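Summary of structural features
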Amino acid sequence: PKEIKTYLDRFIVGQADAKKALAIAICDHYNFIKEALELDDPNHYTKQNVLMIGPTGVGKTYMVKRIAELIGVPFVKSDATKFTETGYQGGDVEDLIRQLYRKADKNIELAQFGIIYLDEIDKITTSSSKHHKDVSGRGVQSNLLKLMEDTEIPTQPPWDIQSQIKQMMGSQQSQKKETLHTKHILFIVSGAFNGIDEIIKKRISGANIRFEREATNNNKNKSLTLQKLRTKDLIDFGLEPEFSGRLPVRVSL
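On a predicted model such as this, the values are computed, not experimentally measured, just so you know. (Residues numbered from 1 in each chain as written. Predicted model: local features only at pLDDT ≥ 70, side-chain atom pairs only at ≥ 80, totals over all residues. Heavy atoms only, no water.)

**A short note on the environment of Leu144**
- Assignment of secondary structure puts Leu144 in helix H6 (residues 138-148).
- A relative accessible area of 1% places Leu144 in the buried class.
- C-alpha of Leu144 to C-alpha of Phe187: the two residues are 43 residues apart in sequence and 9.8 Å apart in space.
- In contact with Leu144, other than residues within four places in its own chain, are Val93, Leu96, Leu118, Ile121, Ile124 and Phe243. (Helix = DSSP H or I, 4+ residues; strand = E, 2+ residues; numbered from the N terminus. Buried < 20%, exposed > 50% of the residue type's maximum accessible area, 1.4 Å probe, protein only. Contact = heavy atoms within 4.5 Å.)

Here is the structure:
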């Protein structure tokens, strides 16, 4: 972790807490994988996906990009807003895995240890409106859940002409080889989460009736509030309980 933090210090000023949290999470992730592969017993391993909360322009993407560059693993960055529920027009979350495969020069082994960075995750929270179908909210979170755990994704989409020809030719063996396991792919998601500090404050203060209130408008108090983030606050904001539960490492910037 010290090496990663020292490397990040060369590019990014400040953000010490975020650098430390990211460095530890990423070292943990890759050391667990190394141990699981060496002992040939990956059962005890649970992925430490990361959630980064902070306003735009604080260097969330830049930080993750530099780390991926240092480790030498393929890195894919995307916006969560361009994905829709399967069956609707828009991006499919499985395309993220295929992008990683292409970034790794079609090396399946390398692609299986890549990093996927999803920005604007707060924009796919469950919509409160009952008048229209929420095609980029709950459905996308459910589809992402599948990828964040352990699933197999074909390297060619089903509608791809080459894969259709292969199926017609009946080349079963080559079809089996061309799938990517997502078990060891690290997911880092981020968003501005505007207003989540108010949800946290509401939970902390509870039902207390006070006559005197302290001024809490400065940035220092906001960052202290974000450090008290709990899973319940994310659920209240609009993330699915299962989805927020898959993001155990929380970093505020």
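Having put the structure on the table, let's press on.
**Description of the environment of Ala68**
- Among the structural elements, Ala68 can be located in helix H3 (residues 60-71).
- For Ala68, a relative accessible area of 2% translates into the label buried.
- Along the chain, Ala68 and Gly114 lie 46 residues apart, while their C-alpha atoms are 8.2 Å from each other.
- In contact with Ala68, other than residues within four places in its own chain, are Val73, Phe75 and Ile115.

**As for the sheet that holds strand S7 (residues 249-252)**
- Within the open sheet, the five strands sit side by side as S2-S3-S6-S1-S7. Their pairing is parallel. Across the chains shown, the open sheet's two edge strands, defined by having one partner strand only, are strand S2 (75-79) and S7. Looking at each pair of strands side by side, their axes are set apart by 20° on average, direction ignored.
- Along the sheet, helix H4 (residues 94-103) contacts S2, strand S3 (115-119) and strand S6 (186-191); its crossing angle with S2, the most-contacted strand, is approximately 145°. (Pairing = 2+ DSSP bridges. Axes fitted to C-alpha atoms, helices over the stretch in contact; angles between N-to-C directions.)

**Things to note about the side chain of Thr155**
- Mapped onto the secondary structure, Thr155 falls in the loop between strand S4 (152-154) and helix H7 (161-169).
- The residues touching Thr155, leaving out its near neighbours within four places in the chain, are Arg98, Tyr101, Ile108, Glu178, Thr179 and Leu180.

**Focus: the packing of helix H1 (residues 2-9) against helix H2 (residues 16-39)**
- The N-to-C vectors of H1 and H2 enclose an angle of 140°; their axes lie 8 Å apart at closest approach. In this view, H1 runs oblique relative to H2, as classed from their interaxial angle. As H1 runs across H2, the sense of the crossing is right-handed. Contacts between H1 and H2 involve Ile4, Lys5, Leu8 and Asp9 from the first element and Ala16, Lys19, Lys20, Ala23, Ile26 and Cys27 from the second.
- Its residues assigned to classes, the contact of H1 with H2 shows six nonpolar, no polar and four charged. (Parallel < 35°, antiparallel > 145°, perpendicular 65-115°, else oblique. Left-handed = near helix turned anticlockwise from the far one by under 90°. Nonpolar A, V, L, I, M, F, W, Y, C, P; charged D, E, K, R; others polar.)

**Section: unusual backbone geometry**
- For Gln15, which is not a glycine, the phi torsion comes out positive at approximately 55°.
- Its location among the elements puts Gln15 in the loop between H1 and H2.
- Gln15 gets classed as partly exposed once you look at its relative accessible area, which sits at 23%.
- At Lys106, a position not held by glycine, the phi torsion is positive, near 60°.
- Position of Lys106 among the secondary structure elements: in the loop between H4 and helix H5 (108-111).
- Residue classification places Lys106 among the exposed residues on the basis of a relative accessible area of 53%.

**Describing H1**
- For H1, the full list of buried residues reads Ile4, Tyr7 and Leu8. Burial along H1 is one-sided: seen end-on, the buried residues are contained in an arc of 95°. Those residues of H1 that are exposed and aimed more than 90 degrees away from the buried face are Lys2, Glu3 and Thr6.
- Turning to H1, the residues buried within the fold contact H2 and H3. (Arc of directions from axis to C-beta.)

**A short note on the nonpolar core**
- By size, the foremost hydrophobic cluster in this structure holds 34 residues, and its most contacted members are Leu51, Ile97, Leu118, Ile121, Leu144, Phe193 and Leu234.
- Elements represented by at least two residues in this core include exactly strand S1 (50-53), H4, S3, H6, S6 and helix H9 (196-205).
- If you look at the next biggest cluster of nonpolar residues, it comprises 28 residues, including Leu8, Ala18, Ile33 and Met63. (Core = buried A, V, L, I, M, F, W, Y, C linked by side-chain atoms within 4.5 Å.)

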